[in-house]
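Residues per chain, in single letters:
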Amino acid sequence: MDAAIRNGHGMTKLDDLQFVAPDTAEVEIAFRNVTKRFGNLVAVDNLSLDIHRGQMVALLGKTGCGKSTMFNMISGLMAPSEGEVEVMGQQPFRNFNWYRGKMAIVFQTDRLLPWRTAVKNVEIGLETLGIAPAERRDRAMHWLETLGLKGHENDYPHALSGGMRQRVSISRAFATDAELLLCDEPFSALDEITSKRLRTEFARLVRENGKTAVFITHSIDEAFDIGDRIVVLKRPAEIAHDLRMSDSVSSEDREHIRRTIHASLAA
Amino acid sequence: MTDVTPSRRPYDNPAFGVARRLFWVAAPFVLIATAWQIASAFFPDFLFPSLIHVFARVFDILTTWSLFSSVLATAMRILGGLAGAFVLGAVLGLAIFSFKTADRLLTPTLTFFQGIPALSWVVFAIIWFHGVEFRILFIMVATTLPAFTFQIVGALRSMDKDLSEMVMSFRPSRRKYFSAMVLPAVLPEVVTAWKVNLGNASRVVVVAELVGSSGGVGFQLLQQQQLFDMAGALAWTLQLVFFVLLFQWVLSQFERMAFRYRAVSERG
Ligand SMILES: Nc1ncnc2c1ncn2[C@@H]1O[C@H](COP(=O)(O)OP(=O)(O)OP(=O)(O)O)[C@@H](O)[C@H]1O
Ligand SMILES: [Mg+2]
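Attention in this report is confined to the structure presented alongside it. Since we're looking at a predicted model, the values are computed, not measured. (Residues numbered from 1 in each chain as written. Chains lettered and ligands numbered in written order. Predicted model: local features only at pLDDT ≥ 70, side-chain atom pairs only at ≥ 80, totals over all residues. Heavy atoms only, no water.)

A separate point is the overall build of chain A. A tally of regular secondary structure across chain A gives nine helices and nine strands. Against the compact-globule benchmark of 18 Å for 267 residues, chain A has a radius of gyration of 19 Å, which places it among compact chains. Projecting the C-alpha coordinates of chain A onto the three principal axes gives extents of approximately 60 × 40 × 35 Å. Counting only residues that meet the buried cut, chain A has 51% of its 267 residues in that class. With the model as given, the accessible surface of chain A reaches about 11,700 Å², and the carbon-plus-sulfur share is 48%. If the 34 positive side-chain charges of chain A are averaged to one point and the 37 negative ones to another, these points end up 4 Å apart. (Helix = DSSP H or I, 4+ residues; strand = E, 2+ residues; numbered from the N terminus. Rg over C-alpha atoms; globule rule 2.2 N^0.38 Å. Buried < 20%, exposed > 50% of the residue type's maximum accessible area, 1.4 Å probe, protein only. Areas by Shrake-Rupley, 256 points an atom, 1.4 Å probe, with all protein chains shown as cover. Lys, Arg positive; Asp, Glu negative; His and termini not counted. Charge placed at Lys NZ, Arg CZ, Asp CG, Glu CD.)

Below, the structure written as structure tokens:
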């Protein structure tokens with residue numbers, strides 16, 4: 001680890017790096033002075049963060065730093081203790097049903113319904129949108145094929161491998177065509193090669209379909225593969241670095257960034 | 001010579017497999033029957049009647065409408081009581097699961113009810129109500145309701161939180177949430193509850209039929225007791241056992257069909 005980073009200069013240097021133009025698109029997700037407590041434990045501490053439409057943000061942080069808690073507040077499954085979380089101009093916890101069809105989640109584990117076949121699992125979101133059965137099936141089949149699961153549509157989850165199951169769950173998220181995709185370490189349970197292939201595929205699909213995506217991870221490599229923007233969190237969910245990445249970032253700079261992130265995660 | 005029939009060992013033959021399974025289904029019953037038959041050779045007929053005698057009575061019951069209608073009446077009472085307890089139990093169970101107040105009020109009450117013996121309900125029913133069928137229905141529901149309710153609450157509480165959150169994340173209507181998540185998640189335990197309660201109900205029903213019913217297996221058993229007719233008592237008892245086995249089998253078939261999605265471990 002180089003000395004400049006260790007004595008603190010590295011941080012300043014890193015924060016000065018501006019890799020892409022400032023955000024002009026509208027704000028899709030806003031954290032305003034958000035604190036979340038569980039009893040005495042502060043899981044998120046006075047966090048402010050804007051995520052803009054069309055961004056693909058990797059939230060990177062060590063285990064237990066409050067990533068899932070942030071995620072749950074974005075998805076409306078949890079209310080902030082203080083401050084405001086706004087997604088598309090609404091409050092997710094309060095106006096829970098407003099987001100029907102507007103956000104989709106890929107969870108850490110596949111969370112497939114064991115009593116439904118692969119294609120029926122993909123259809124669940126479309127059912128809540130009241131889409132007719134024939135179209136539901138077409139759309140579900142389209143996404144299963146896109147993720148390489150043609151021929152497995154009628155398999156029950158127990159007959160699929162872990163990687164295949166996670167692909168079904170990605171299909172399920174894309175099928176509703178929601179503009180916001182939330183992912184909580186979706187590939188962390190898979191082997192490295194499958195994980196790498198799926199996240200590259202995932203990043204490509206997000207870009208091609210013009211989605212906004214928040215991708216939680218504790219792996220620096222994964223954050224680099226996925227994010228246009230990498231938000232590094234320290235405990236309890238405070239921002240350590242906020243980095244914009246683009247293809248023009250030189251490989252030396254990348255290496256430098258990687259080492260700096262590594263250092264602040266290790267701290 | 002192109003037509004070569006592969007040679008098969010006898011136990012590769014599917015018919016052999018079926019026969020072997022049938023043998024193991026029959027074996028325990030054959031064992032009991034043999035023991036009984038041996039006993040009948042040593043004891044007087046009114047204690048251990050010969051099985052031939054008993055089967056003649058069974059046949060008689062099955063083929064005589066006035067007798068067989070008693071079996072049907074009892075079967076209907078069991079199913080009616082279970083259906084009533086199930087519907088009520090589902091409502092109470094959902095209430096206990098959804099509202100804390102309902103939980104606080106109903107759970108201790110039902111636990112208290114669970115301690116009341118079936119015979120007490122028979123006495124209460126006779127004092128409170130007039131119609132025989134209503135009395136029986138009341139006893140059946142009262143005795144099976146607590147267990148049914150608790151089993152449904154247990155099924156609801158053990159519903160997978162992660163899966164339920166996943167379904168919620170799509171913002172389903174209440175109705176959709178119930179049909180896509182709650183119902184399929186609790187169904188296996190509900191079927192098990194039916195199986196367990198079926199056994200209980202079939203034992204309670206004969207007691208309930210002592211409230212003045214002029215038909216039914218319980219009534220017939222009482223007659224046999226007064227006549228000191230062991231063959232008759234056995235024949236009537238067997239009717240009830242047959243019914244329970246038949247209905248268990250129907251439920252098992254339903255399980256096999258409805259829960260095909262479950263993984264089967266080769267180690268069992
Ligand atoms: N429902 C809860 N009740 C109490 N404490 C909680 C709850 N959820 C999270 N916490 C605590 O909040 C802190 C942050 O948890 P969180 O799940 O957000 O971490 P994370 O960054 O997602 O970790 P990981 O990478 O391991 O998934 C942890 O200390 C955790 O114990
Ligand atoms: Mg987490």
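Quick look at the pairing of strand S8 (residues 229–234) of chain A now. Put simply, side chains in a regular strand alternate between the two faces of the sheet. Residues and elements named next belong to chain A. With five of six residues buried, S8 lies mostly within the body of the structure. For strand S3 (residues 56–61) and S8, the ladder comprises five bridges, and the chain directions are parallel. If you follow Gly-61 over to S8, its bridge partner there is Leu-233. As paired elements, S8 and strand S9 (residues 238–244) share six bridges and run antiparallel to each other. Bridge assignment links Ile-230 to a residue of S9, and that residue is Leu-243. In sequence, S8 turns back onto S9 through a hairpin of three residues, with Ala-237 there showing a positive phi of about 30°. (Pairing = 2+ DSSP bridges.)

A few words on the pattern of salt bridges. Under the criterion given, the structure shown has 31 salt bridges over all chains. Residue A:Arg139 pairs with A:Glu135 through a salt bridge whose shortest N-O separation is 3.3 Å. With a gap of four residues between them, A:Arg139 and A:Glu135 both fall in helix H5 (residues 133–146), about one helical turn apart. Between B:Arg157 and B:Asp103 there is a salt bridge, with the nearest N and O atoms lying 3.3 Å from each other. With B:Arg157 in helix H6 (residues 132–157) and B:Asp103 in helix H4 (residues 100–114), this residue pair connects regions lying 54 residues apart in the sequence. Exposure remark for B:Asp103: the relative accessible area of 24% places this residue in the partly exposed category. (Salt bridge = Lys/Arg side-chain N within 4 Å of Asp/Glu carboxyl O.)

The next thing to look at is the site of ligand 1. Residue and element names in this part refer to chain A. Close to ligand 1 lie Phe-38, Leu-41, Ala-43, Lys-62, Thr-63, Gly-64, Cys-65, Gly-66, Lys-67, Ser-68, Thr-69 and Glu-185. Relative to its unbound accessible area of 630 Å², ligand 1 is 60% covered by the protein chains. When the residues that make up the shell around ligand 1 are grouped by side-chain class, the tally is four nonpolar, five polar and three charged. (Near = heavy atom within 4 Å. Nonpolar A, V, L, I, M, F, W, Y, C, P; charged D, E, K, R; others polar.)

Moving on, we come to the interface of chain A and chain B. Counting residues at the interface gives 25 residues for chain A and 20 residues for chain B. Buried area between chain A and chain B, both sides added, is near 2,100 Å², and the carbon and sulfur share of it is 68%. In this assembly, chain A and chain B are joined by three salt bridges. B:Asp162 is the partner of A:Arg111 in a salt bridge, and the nearest nitrogen-oxygen pair spans 3.6 Å. The tally of links between chain A and chain B comes to nine residue pairs in polar contact (both at pLDDT 80 or more). Of all the secondary-structure elements, those providing two or more residues to the side of chain A that touches chain B are strand S5 (103–106) and helix H4 (118–128) of chain A. No other element matches H4(A), which puts four residues into the side of chain A that touches chain B. Partitioned by chemical class, the residues of the side of chain A that touches chain B number 13 nonpolar, seven polar and five charged. (Contact = heavy atoms within 4.5 Å. Buried area = accessible area lost by both parts, 1.4 Å probe. Polar contact = N/O pair within 3.5 Å; in protein donor to acceptor, adjacent residues only side chain to side chain.)

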